[in-house]
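# Structural description and commentary
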Amino acid sequence: MHVRQTKLDSFQPTGNQELRNMSGKPRLTYLNGRGRMESIRWLLAAAGVEFDEVYLETKEEYDKLIKDGFLLFQQVPLVEIDGMKMVQTRAIMSYIAGKYNLHGKDLKERALIDMYVEGISDLMQMILMFPFSPPDAKEKNLESIKERATNRYFPVFEKVLKQHGQDFLVGNKFSWADVQLMEAILAVEEKLPTVLSGFPQLQVFKTKMSNVPTIKKFLQPGSPRKPPPDAHYVETVLKVFKK
Amino acid sequence: MAGKPKLHYTKGRGKMESIRWLLAAAGIEFEEQFIEKKEDLEKLRNDGVLLFQQVPMVEMDGMRMVQTRAILSYIAAKYNLYGKDLKERAWIDMYVEGTTDLMGMIMYLPFQPADTKEKNLALIIERATTRYFPVYEKALKDHGQDYLVGNKLSWADVHLLEAILMVEECKADVLSTFPQLQAFKGRISNIPTIKKFLQPGSQRKPPTDEKFVAFVRTIFNI
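Chain B has the name glutathione transferase in an unreviewed UniProt entry, where Cyanoderma ruficeps is given as its organism. For the record of chain B, the UniProt heading Sequence similarities (unreviewed entry) holds the text "Belongs to the GST superfamily. Alpha family."

The name given to chain A in an unreviewed UniProt entry is glutathione transferase, and the organism recorded there is Cyanoderma ruficeps. Listed in UniProt under the heading Sequence similarities (unreviewed entry), the comment for chain A reads: "Belongs to the GST superfamily. Alpha family."

Take a look at the structure:
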């Protein structure tokens, strides 16, 4: 198991579960790659929260986590935070957003943020699954991503930003929705570099978000941000989660 | 003007059923406008009332809400079914995501190729009995309370009851090794608003049959 810590002296190599998280920082357990954990890394980073990471490298390590009762539904992502062993990506992100004031000022703003995040999530799901598509389906799937991004999702946010003329999607304040959209824009651009060419508002948005200090830091080399999935990552996923 | 929420979907369970359950549990009356042909969906899209061109859509409190989870979260919070603080909400969210995954498998089952049905059904039962139900059984056993979170009825309880009943439709005796869940099912079914929803004539929709599957395929091109 590989452990990435931001403060080395807080690591206690012990099997005692309580001492496992001495640093007090949130501790993320996943593979050393994007997958479903990347959106969580983005959100914590955007909120300016430092975190530790544990990377699963073998099936045995994963099975042990399950056997030790760490994973509520036997799945990762796992985020140890505030005394809880949180699982389920959306639950984790909702908690982080709520805790760090990135979830709107009232129920209606929260509803809007949730709607935007869910839509973007559907687009991100296509990107998440892409590396696992069979070779003969890759071109078609890439075309689907392009179609959905440019016809269904990006136009919505282009319009929202144009209509209110504000810097952020909801309530004139930085929120989870902005972080998620930024992540999605960059992820789609990695596959389709000119995808924002018909979206001037999103181009401006992207620049603005890149300059938010916490996001700027996350976008620099050496941050916890993970690279795009490659063949080795796909292989590790299949190996660790093999039935 | 606060009228009743208005639900836009096809006349079947799908992704809207959990929303019907939650509104009903909260004692909220709602109207439904059913998509009965392709043109109905096209009209909604052309009228610009579907943010991402998709249903479910719920007109509520001056909003046209889309995305099932966003809608459910809003209803839960509005009607005090979302815990008393951020940590209780986190637990409710975790539990609900689990039952969502389980019910998602059941929802897609009728749309799978016929030759995979038996295998997929077996997987559903396996997941229900080894991954999901044990979690809720243990939660109830550990705290000995009537409800999953915070000793108070929440979205998590409503969602779990919905999931239990759906799995039982696949395998009637699936709760035989889960005494806590059996008691839970009895208790939650007797809550007046839920009891009413479980009676004939309510807006609860029947299990998905082949006719409905064929209908859905034509409407949504799947």
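Okay, the overall build of chain B next. In terms of helices and strands, chain B carries nine helices and four strands. Each helix (α) and strand (β) of chain B, taken in turn from the N terminus, gives the series β-α-β-α-β-β-α-α-α-α-α-α-α. For a compact globule of 222 residues, the expected C-alpha radius of gyration is about 17 Å, and chain B comes in at 18 Å, within 12% of that figure. Counting across all 222 residues of chain B, residues that qualify as buried make up 49%. Counting contacts in chain B only where the partners sit at least 6 residues apart, residues at least 24 apart contribute 66% of the total.

Let us look at the UniProt feature "domain: GST C-terminal" (unreviewed entry) in chain A. As annotated in UniProt, the feature "domain: GST C-terminal" (unreviewed entry) corresponds to residues 106-230 of chain A in the numbering used here. Helix makes up 66% of residues 106-230 of chain A and strand 0%, whereas the separation of the span's terminal C-alpha atoms amounts to 41 Å.

Right, let's talk about the UniProt feature "domain: GST N-terminal" (unreviewed entry) in chain A for a bit. Feature annotation in UniProt places "domain: GST N-terminal" (unreviewed entry) on residues 24-104 of chain A, given in this structure's numbering. The span residues 24-104 of chain A is 36% helix and 20% strand, and its two end C-alpha atoms sit 26 Å from each other.

Quick look at the side chain of Arg152(A) now. With respect to the element layout, Arg152(A) can be found in helix 5 (residues 138-164). Nearest to the buried, unbridged Arg152(A) among oppositely charged side chains is Asp122(A), at 6.5 Å. Discounting residues that sit within four places of it in the chain, Arg152(A) has contacts with Glu147(A), Arg45(B), Phe52(B), Gln53(B) and Gln54(B).

Once that is clear, we can look at the environment of Ile92(A). All names here are of chain A. Within the element layout of this structure, Ile 92 appears in helix 3 (residues 89-99). Note on Ile 92: relative accessible area 0%, which makes it buried. For the pair Ile 92 and Asp 167, spaced 75 residues apart in sequence, the C-alpha separation works out to 26 Å. Every residue in contact with Ile 92, bar those within four places of it in the chain, is listed here: Ile 40, Pro 77, Val 79, Met 86 and Val 87.

Residue and element names in this part refer to chain A. Following both chains from N to C, one finds helix 4 (residues 107-129) and helix 6 (residues 176-191) inclined at 20°, their axes separated by 9 Å at the closest point. Between helix 4 and helix 6, the interaxial angle falls into the category roughly parallel. Regarding helix 4 and helix 6, the two cross each other, and that crossing is left-handed. Contacts between helix 4 and helix 6 involve Ile 113, Asp 114, Tyr 116, Val 117, Ile 120, Leu 123, Met 124 and Ile 127 from the first element and Trp 176, Ala 177, Gln 180, Leu 181, Glu 183, Ala 184, Ala 187 and Val 188 from the second. Class assignment for the residues of the contact of helix 4 with helix 6 results in 13 nonpolar, one polar and two charged.

Within helix 3 of chain A, eight of the eleven residues are buried, leaving the element largely enclosed by the surrounding structure. Along helix 3 of chain A, the residues that are buried comprise Thr89(A), Ala91(A), Ile92(A), Met93(A), Ser94(A), Tyr95(A), Ile96(A) and Ala97(A). Of the surrounding elements, those touching the buried residues of helix 3 of chain A are helix 1 (38-46), strand 4 (78-81), strand 5 (84-87) and helix 6 of chain A together with helix 4 (86-108) of chain B. Backbone geometry just downstream of helix 3 of chain A places Asn101(A) in the positive-phi region, at approximately 55°.

Now for the nonpolar core. Core analysis: the biggest nonpolar cluster contains 151 residues, and Phe154(A) and Phe133(B) have the highest contact counts within it. Three or more residues apiece are contributed to this core by two domains, here domain 1 (2-100 + 219-240) and domain 2 (107-212) of chain A. Here Phe154(A) is in contact with Leu123(A), Ala149(A), Ile185(A), Val188(A), Val195(A), Leu196(A), Phe199(A) and Leu202(A), once residues within four sequence places are set aside.

Evaluation of the coordinates by the stated rule reveals 15 aromatic pairs over all chains. Here Trp42(A) and Phe218(A) contribute two aromatic rings whose centre-to-centre distance is 5.0 Å and whose plane-to-plane angle is 65°, an arrangement assigned as edge-to-face. Residue Trp42(A) is found in helix 1, and its partner Phe218(A) is found in helix 8 (residues 213-218); the two are separated by 176 residues along the sequence. Its relative accessible area of 2% is what places Trp42(A) among the buried residues. On the accessibility criterion, Phe218(A) (2% relative accessible area) is buried. Between Phe73(A) and Tyr136(B), the ring centres sit 6.2 Å apart and the planes meet at 45°, which makes this aromatic pair tilted. Residue Phe73(A) is located in the loop between helix 2 (59-67) and strand 4, and its partner Tyr136(B) is located in helix 5 (residues 117-143); the two belong to separate chains. Relative accessible area serves as the criterion here: at 1%, Tyr136(B) is assigned to the buried category. Of note, Lys85(A) hangs over the ring of Phe70(A), and the distance from its end group to the ring centre comes to 4.9 Å. Looking at Lys138(A), its charged tip hangs above the ring of Phe130(A), at a distance of 5.8 Å from the centre.

With that out of the way, let us pick up the pairing of strand 1 (residues 6-9) of chain B. Residues and elements named next belong to chain B. When strand 1 meets strand 2 (residues 31-34), the two strands line up parallel, connected through four bridges. By the bridge assignment for strand 2, Leu 7 is matched with Glu 32. At this point the chain moves from strand 1, through helix 1 (residues 17-25), to the parallel strand 2, and the crossover so formed is right-handed. Summarising the sheet, strand 1 and strand 3 (residues 57-60) pair through three bridges and their orientation is antiparallel. Across the sheet, residue Leu 7 finds its bridge partner in strand 3, namely Val 58.

A few words now on the interface of chain A and chain B. At the junction of the two partners, chain A supplies 32 residues and chain B supplies 35 residues. Buried area between chain A and chain B, both sides added, is near 2900 Å², and the carbon and sulfur share of it is 63%. Of all residues in chain A, Phe73(A), Met115(A) and Arg152(A) give up the largest surface area on contact with chain B, accounting jointly for 22% of the area buried on that side. Where chain A touches chain B, the interface holds two salt bridges. Residues Arg69(B) and Glu118(A) are paired through a salt bridge, measuring 3.6 Å at the closest nitrogen-oxygen approach. There are eight residue pairs in polar contact (both at pLDDT 80 or more) connecting chain A and chain B. Of all elements in the fold, only strand 5, helix 3, helix 4 and helix 5 of chain A reach the threshold of two or more residues within the side of chain A that touches chain B. Top element by residues in the side of chain A that touches chain B is helix 4 of chain A. It accounts for ten residues. For the side of chain A that touches chain B, the class distribution of residues is 14 nonpolar, seven polar and eleven charged.

The rules behind these values
Residues numbered from 1 in each chain as written. Chains lettered and ligands numbered in written order. Predicted model: local features only at pLDDT ≥ 70, side-chain atom pairs only at ≥ 80, totals over all residues. Heavy atoms only, no water. UniProt positions renumbered as here; feature names shortened; annotations may be inferred. Helix = DSSP H or I, 4+ residues; strand = E, 2+ residues; numbered from the N terminus. Rg over C-alpha atoms; globule rule 2.2 N^0.38 Å. Buried < 20%, exposed > 50% of the residue type's maximum accessible area, 1.4 Å probe, protein only. Contact = heavy atoms within 4.5 Å. Lys, Arg positive; Asp, Glu negative; His and termini not counted. Salt bridge = Lys/Arg side-chain N within 4 Å of Asp/Glu carboxyl O. Axes fitted to C-alpha atoms, helices over the stretch in contact; angles between N-to-C directions. Parallel < 35°, antiparallel > 145°, perpendicular 65-115°, else oblique. Left-handed = near helix turned anticlockwise from the far one by under 90°. Nonpolar A, V, L, I, M, F, W, Y, C, P; charged D, E, K, R; others polar. Core = buried A, V, L, I, M, F, W, Y, C linked by side-chain atoms within 4.5 Å. Domains from an automatic or database assignment. Phe/Tyr/Trp six-rings, centres within 6.5 Å; stacked < 30°, edge-to-face > 60°. Lys NZ or Arg CZ within 6 Å of the ring centre and 35° of its normal. Pairing = 2+ DSSP bridges. Right-handed = clockwise from strand over helix to strand, strands pointing away. Buried area = accessible area lost by both parts, 1.4 Å probe. Polar contact = N/O pair within 3.5 Å; in protein donor to acceptor, adjacent residues only side chain to side chain.

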